[in-house]
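Residues per chain are reported as follows:
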Amino acid sequence: MTLWEAVAVLLAGFAGGALNTAVGSGTLVTFPVLLATGLPPVNATVSNALGLIPGSLSGAYAYRRELAGQRRLLLPLCASAAAGGLVGAGLLMVLPPGVFATVVPVLVGLALLLIAVQPLLTRALRGRLTRPGGGLPLRIGLGLASVYGGYFSAGQGILYVALSGALLDAPLQRINALKNVLVAQVNAVAAGFFLIAADIDWPAALLIAAGATAGAPFGARAAQRLRPVALRVLILTVGTAGLLHMTLS
């Protein structure tokens, strides 16, 4: 890796950490940059997952006020996310590259649609599927989304926000805080698996980690200042840009 490539990876880590915390699609920035440095796709995926862990933890800490008193809610959701993330990491090691190529845009597109109609959907489901703790539908949905997150994390945060917004009776900023914890959980589980089963480019992972750790609090501060409508518009804008990038590249 040249000096300029290292600088590009570091800056991508900063942008990815900020986007992951505020929106949930930082991999759409970091992954293409890692590929541009010459890393193979699987190697870039595992190095990116490991590198984003400190940023995810930093983002979760920046949202600690919204997480206060949510331990009973978080524990079962984290268990579902961890199980799904482990399955996804295993699939990355055994499935041919590109297996999910047609599925990923569909999942992200569906998540964006859910976020767009989330206020109407929540009102329609309140008292039916929506519960203070999300219930079994949310745990199953997050587990399945985490399979995708462990396999390839681009847009996983958008999936978490969409599912939680539809099935959890909570304000959007609190849902965003929960999303950051779940992303950190899935990345940590997947990275633990990759440490044993995959080759990691440590310089790339460490540069992503340094940039993401610095960028995550910046993203959190920006997102926390936004009204729910503005935050939803930001998520839809970034998510749509990422969806177009995935479908056109």
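Attention in this report is confined to the structure presented alongside it. Since the structure is predicted, the reported quantities are computational estimates derived from the model, not experimental observations.

1. Let's talk about the overall build of the chain
Right, on to step 1. Scanning the chain for helices and strands turns up 12 helices and zero strands.
Right, on to step 2. Shown N-terminal to C-terminal, the secondary structure of the chain runs as helices and strands in the order α-α-α-α-α-α-α-α-α-α-α-α.
Right, on to step 3. Burial status across the chain gives 52% buried among its 249 residues.
Right, on to step 4. A fraction of 83% describes how many contacts in the chain between residues 6 or more apart in sequence connect residues 24 or more apart.
Right, on to step 5. Summed over all atoms, the accessible surface of the chain reaches about 11000 Å², with 71% contributed by carbon and sulfur.

2. Here we look at the packing of helix H5 (residues 71–94) against helix H8 (residues 135–151)
Right, on to step 1. Two elements in contact, H5 and H8, have axes separated by 6 Å at closest approach and are oriented at 35 degrees. Of the two elements, H5 crosses H8, and the hand of that crossing is right-handed. For the pair H5 and H8, contact is made by Pro76, Leu77, Ser80, Ala81, Gly84, Gly85, Val87, Gly88, Ala89, Leu91 and Leu92 and by Leu138, Arg139, Leu142, Gly143, Ser146, Val147, Gly150 and Tyr151, respectively.
Right, on to step 2. Its residues assigned to classes, the contact of H5 with H8 comprises 11 nonpolar, seven polar and one charged.

3. Observations concerning the environment of Val161
Right, on to step 1. With respect to the element layout, Val161 can be found in helix H9 (residues 156–167).
Right, on to step 2. Residue class for Val161 comes out buried when judged on its relative accessible area of 3%.
Right, on to step 3. Along the backbone, Val161 and Asn176 are 15 residues apart, and their C-alpha atoms lie at a distance of 6.5 Å.

4. Quick notes on the environment of Ala223
Right, on to step 1. Within the fold, Ala223 resides in helix H11 (residues 202–224).
Right, on to step 2. In the structure, Ala223 is positioned 50 residues away from Gln173 in sequence and 8.2 Å away in space, judged by C-alpha atoms.
Right, on to step 3. Contact partners of Ala223, with chain neighbours within four places excluded, come to Ala22, Tyr63, Gln173, Asn176 and Leu231.

5. Description of the side chain of Asn176
Right, on to step 1. For Asn176, the location among the structural elements is in helix H10 (residues 172–197).
Right, on to step 2. Here the side chain of Asn176 touches Lys179 through a polar contact of 3.2 Å, side chain to side chain.

6. Details of the packing of aromatic side chains
Right, on to step 1. A complete count under the given rule lists two aromatic pairs for this structure.
Right, on to step 2. A centroid spacing of 6.0 Å and a plane angle of 40 degrees characterise the contact between Phe14 and Phe218, whose relative ring orientation is tilted. With Phe14 in helix H1 (residues 3–22) and Phe218 in helix H11, this pair connects stretches of sequence that are 204 residues apart.
Right, on to step 3. Here Phe14 falls in the partly exposed class, since its relative accessible area comes to 35%.
Right, on to step 4. Accessibility expressed as a relative area gives 47% for Phe218, which makes it partly exposed.
Right, on to step 5. Ring centres of Phe193 and Phe194 lie 6.3 Å apart, and the angle between their planes is 70 degrees; this geometry places the pair in the edge-to-face category.
Right, on to step 6. With a relative accessible area of 26%, Phe193 lands in the partly exposed category.
Right, on to step 7. Accessibility expressed as a relative area gives 1% for Phe194, which makes it buried.

What counts and what doesn't
Residues numbered from 1 in each chain as written. Predicted model: local features only at pLDDT ≥ 70, side-chain atom pairs only at ≥ 80, totals over all residues. Heavy atoms only, no water. Helix = DSSP H or I, 4+ residues; strand = E, 2+ residues; numbered from the N terminus. Buried < 20%, exposed > 50% of the residue type's maximum accessible area, 1.4 Å probe, protein only. Contact = heavy atoms within 4.5 Å. Areas by Shrake-Rupley, 256 points an atom, 1.4 Å probe, with all protein chains shown as cover. Axes fitted to C-alpha atoms, helices over the stretch in contact; angles between N-to-C directions. Left-handed = near helix turned anticlockwise from the far one by under 90°. Nonpolar A, V, L, I, M, F, W, Y, C, P; charged D, E, K, R; others polar. Polar contact = N/O pair within 3.5 Å; in protein donor to acceptor, adjacent residues only side chain to side chain. Phe/Tyr/Trp six-rings, centres within 6.5 Å; stacked < 30°, edge-to-face > 60°.

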